[in-house]
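Chains, contacts and geometry: an overview
The primary structure of each chain is shown beneath.
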Amino acid sequence: VRCDTGHPGYYLAPGSDTRYLCYGGYRYPKYPSATCTRCRSISNCETYSQCTGPSNSRCTKCQYDRGPGQKAYQLSSSRTSCTQLCSWRRDSKFCYPGMCEDNTPSSCRCAPGFSEDNCLTIDTGPVMHYCLGKLKRIVNGAEADTVEAPCTDDVASSFFSYTKMRPDVNSQVQLQATWETRFHGPSQTEYPRPYYIYSHSIGLISASMDWRHMRGNTRIRSGTIPCGSINADNPKSSMHSCTKTVTMTDTPQPGDSLYFTLKSLNGGYVRIKNYDRSSGYTVNPPVYFSGQELTRSAQFTFDPDPPYHCSVLSRCTYSILDRGSAVTRNGHITLRWPGWQDDVSGIVEYEYEVFLLVPHGEELQERDTAVTGAQVEPSVTEAHIALNETGVYSIVLTVEDSSGPDDGNFIIARRFLIFDNSSTVEVDTSGHFPLWVDSVAGNSTWQTDLQDSTGNGSKIRVKWPGHFYNKLHRTNKFLSRIEDHQPPIPTGYEELTGLPPATRSCQAVPNANGTVMFQTDWSVDHEGGRTLTVPPGNWRNVTDILAEEQALDIPRQDGDTIRVWVRAFDVMGNVAEDNVTVHVDSSPPIVDDISLTRHEITGLAVHSSEDLFKMRVVFTAFDDHSGLHDIHWQLHDKKD
């Protein structure tokens, strides 16, 4: 009679009749005095042989033994144990991709880049072979501007690109991203599939682009665009290429940002042959890998406006470009330019250039090559330069922000200075350009009209065209108008007007032969000018320096001597002085006591031509002030 099915068997208890044996799973009801005792069980053993004692159980076949090479358990050579093998069984390990070195679950070694239970965790992400974001401005269907943001390298959490692109209602803005990624599992040559692996596939299982349009902290619009038909059941082990484009429906404003994040996720599946049935196998549902996601991000920020100086918006008192005095004899110059700002991308660099200005027609223009200059970091707002050649200089400061592509937005500021440590104001000594007094008499030494103390009477007009000059300034047109800069400099960043000594601007400095100011002084005596040795110190500015003359109210009377001093200044403050002297004589000479004389007898009448021949004309002529220059006389025949 069969009993206690599933146990390894029984043996006779001590003292029983040894003529009887107990066979596995049976008892002998014919001999009730014979007691059969159960033998020891062997784990995962499916069938046993007869046992004869409590510890001599023997297994003939382990569970889930489906023939050579298809076993869930391995029977030991002593047939006393069944050792679990790597297999399809849920309580074991299939260990793939990997290998069971001793064919046991504890010896499972995953392929590089895989870990955790059954090697189902992927530890490494996909490889990004190419990644590029593009921001495009589309006008009438054509690409007008493009800014790129490379994103292949994971050098930062996000790549920032500032663009000077200025969208408007007549254009569209497109955000386009292209990326290529790949992931593949270990080779089957190195890690062949065990018999219980029906199939497996490892690669990329998803790719997408997330984007958003931000205005400050406000999300204007956003979205996600998937790429391809790959999934966990259909991984792609070859290169996966994606290009996705989105057109902005809201026109970006200065300061807005467009962000994109590109994602690629690896994964896949393993399908196991299930040998739980006594014959053949079924295929289990797929078991999925836990993968890693690769992301690359970039952003475009709109910065169409150039940097600016805080003083233009009345936010500070700094000078846009301080070069010190506009007129200097010292060639060692310190340039300073604090207060520049850019609210979006920030300032990337300053560049200062110093040009010597040269005559070009009636203007000054910059030489093609700068005398000195440098590009400096945004933290540097000061530079020291040395000028070795006298002349007029322009200092050009270019302030550039971080936008792109290529060069960023920039703005130019310009200032001028005159450096001269050698020239002087000179006085003409050739006589071609004299200092003289315009006289009615046509004689620059004598003045023939008078003026009383109330101003009644003619003015004294002193003239000196070409008499004073600064040869260096005149020849090199130091004071001419300065040519406009190209490209044009915005309003507020160029000194268009202003005169020395306050500044040197683009404006021409009014001058006469390089001199910019005349002053006059005068004095009068009745001593022939002997006391007129120094000017009295009552200098007055000449109202019209270009005329190179001045009309003066000088009270005078006959016999006076007038001395007028004129001094000329150049823009450097150099001065030259000269004077002119005139005497006053408004009355004609006096002729008196006219008579005829003969033999020293005066007043005789003339009776015949013979008498006339022998007579003399006698007269007295004199001038108390200027004296007699010459005497003319004529003899007329007057008939009745």
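In the block above lies the structure referred to throughout.
If you're wondering where the values come from, they're calculated on a predicted model, not measured in any experiment.

**Considerations on the overall build of the chain**
Helices and strands together make up the secondary structure of the chain, namely 2 helices and 46 strands. Once local pairs closer than 6 in sequence are excluded, the contacts in the chain between residues at least 24 apart make up 67%. Carbon and sulfur atoms form 47% of the exposed surface of the chain, whose accessible area is close to 33,900 Å².

**Quick word on the packing of aromatic side chains**
Applying the stated criterion to the full structure yields 11 aromatic pairs. Taking the centre distance of 6.1 Å and the plane angle of 50° together, the rings of F468 and F518 count as tilted. One end of the pair, F468, is in strand β37 (residues 468–469); the other, F518, is in strand β39 (residues 515–525), and 50 residues separate them in sequence. In this pair, the class of F468 matches that of F518, namely buried. In this structure, R212 is placed above the aromatic ring of Y259, and the distance from its NZ or CZ to the ring centre is 4.2 Å.

**Digging into the pairing of strand β21 (residues 293–302)**
Most of β21 sits inside the fold, with 8 of its 10 residues counted as buried. Across 5 bridges, the pairing between strand β13 (residues 159–163) and β21 is parallel. In the strand pairing of β21, F159 is matched with A298.

**A few points about the state of the cysteines**
This structure, assessed with the given rule, holds 8 disulfides. Residue C95 pairs covalently with C108 via a disulfide, S to S 2.0 Å. Its S-S torsion of about 90° marks the bond between C95 and C108 as right-handed, since a negative value means left-handed. Residue C95 is located in the loop between β6 (82–84) and β7 (98–100), and its partner C108 is located in strand β8 (residues 108–110); the two are separated by 13 residues in the primary sequence. The class for C95 is buried, based on a relative accessible area of 1%. The side chain of C131 participates in a disulfide bridge whose partner is C151; the two sulfur atoms lie 1.9 Å from each other. Across the S-S bond of C131 and C151 the torsion is about -85°, and the bridge reads as left-handed. Here the residue C131 occupies a position in strand β11 (residues 127–139), and C151 occupies one in the loop between β12 (142–150) and β13, the gap between them amounting to 20 residues. Here C131 and C151 have matching classes, each one buried.

**Comments concerning the layout of surface pockets**
Within this model, the largest pocket holds a volume of roughly 390 Å³. Around the largest pocket, the lining residues are P589, V591, I594, V617, F619, A621, L628, I631, H632, W633, Q634 and L635. Elements with a contribution of two residues or more to the lining of the largest pocket: β44 (590–598) and β46 (616–622). A total of 3 residues in the lining of the largest pocket trace back to one element, the largest contributor, which is β46. Looking at the lining of the largest pocket residue by residue, the class counts come to 10 nonpolar, 2 polar and no charged.

**Some words on a nonpolar patch on the surface**
Taken together, the side chains of V591, I594, V617, F619, L628 and I631 make up a nonpolar region of the molecular surface, amounting to roughly 560 Å² of accessible area. Those elements that provide at least two residues to the nonpolar patch are β44 and β46. As for its position among the elements, L628 is in the segment after β46. L628 sits in the partly exposed class, given a relative accessible area of 39%.

**Here we look at the nonpolar core**
Membership of the largest hydrophobic core comes to 31 residues, with the highest contact counts inside it found for F94, F114, I197, V270 and F289. The element contributing the most residues to this core is strand β15 (residues 197–215), with 3 residues.

**Some thoughts on the sheet that holds β39**
The sheet built from 5 strands is open, its strands ordered β35-β43-β42-β39-β40 with mixed pairing. Sheet topology places β35 (446–447) and β40 (540–541) at the edges, where each strand pairs with a single neighbour.

**Let's talk about the side chain of E494**
Mapped onto the fold, E494 is located in the loop between β38 (481–482) and β39. On the accessibility criterion, E494 (11% relative accessible area) is buried. Reaching out from E494, the side chain makes a polar contact with the side chain of R414 at a distance of 2.7 Å. What E494 contacts, discounting residues up to four positions off in sequence, is R414, R415, F416, H485, I489 and C506.

**Quick notes on the pattern of salt bridges**
Inspection of every chain in the model, using the stated rule, returns 22 salt bridges. Across the salt bridge formed by R137 and D145, the nearest N and O atoms sit 2.6 Å from each other. Residue R137 is classed as buried on the basis of its relative accessible area of 17%. In this structure, a network of salt bridges that share partners links the residues R89, D91 and D276.

The rules we used
Counting of residues starts from 1 at the beginning of each chain's written sequence and follows it residue by residue. Per-residue local features are limited, in this predicted model, to residues with pLDDT of at least 70; the limit for side-chain atom pairs, both in listing and counting, is 80 or more; totals at the level of whole chains, interfaces and linings are taken over all residues. Hydrogens and water molecules were not included; the side-chain quantities draw on all heavy atoms of the structure. The secondary structure listing takes helices from DSSP runs of H or I that are at least 4 residues long and strands from runs of E that are at least 2 residues long, numbered from the N terminus. Contact definition: two residues touch when any of their heavy atoms are within 4.5 Å. All accessibility values rest on the Shrake-Rupley procedure with a 1.4 Å probe; residue burial counts only the protein chains present in the view. Each Phe, Tyr or Trp ring (for Trp, its six-membered ring) is paired with any other whose centre lies within 6.5 Å, and the angle between the two planes then decides the class: stacked below 30 degrees, edge-to-face above 60, tilted in between. In this scheme, a residue with accessible area under 20% of its type's maximum is buried, one over 50% is exposed, and one in between is partly exposed, where area comes from a 1.4 Å probe on protein chains only. Placement of a charge over a ring requires the Lys NZ or Arg CZ to be within 6 Å of the ring centre, with the centre-to-atom vector within 35 degrees of the ring normal. Note on pairing: DSSP must find at least two bridges between two strands before they are called paired. By definition, disulfides here are pairs of cysteine sulfur atoms that lie within 2.5 Å. The method works on a 1 Å grid over the protein atoms by themselves. A cavity is a set of points holding a 1.4 Å probe that cannot get out, a pocket is an open set with protein on both sides within 12 Å along at least five of seven lines, and residues with an atom within 4 Å of a point line them. Grid points are joined across faces, edges and corners, and a volume is the space filled by probe spheres set on the points. For this classification, the nonpolar set comprises Ala, Val, Leu, Ile, Met, Phe, Trp, Tyr, Cys and Pro, the charged set comprises Asp, Glu, Lys and Arg, and every other residue, Gly included, is treated as polar. Two joining distances apply to patches: 9 Å for like charges and 5 Å for nonpolar side chains (Val, Leu, Ile, Met, Phe, Trp, Tyr), and every residue must have over 30% relative accessible area and no salt bridge. Salt bridge, as applied in this entry: a Lys or Arg side-chain nitrogen positioned within 4 Å of an Asp or Glu carboxyl oxygen. Only buried Ala, Val, Leu, Ile, Met, Phe, Trp, Tyr and Cys residues count toward a nonpolar core, and they belong to the same one when joined by side-chain atoms within 4.5 Å. Under the rule applied, a polar contact is a pair of N or O atoms within 3.5 Å (in protein, one hydrogen donor and one hydrogen acceptor; residues adjacent in sequence only if both atoms are side-chain atoms).

Fair warning: the whole summary comes from geometry, so function is off the table for now.
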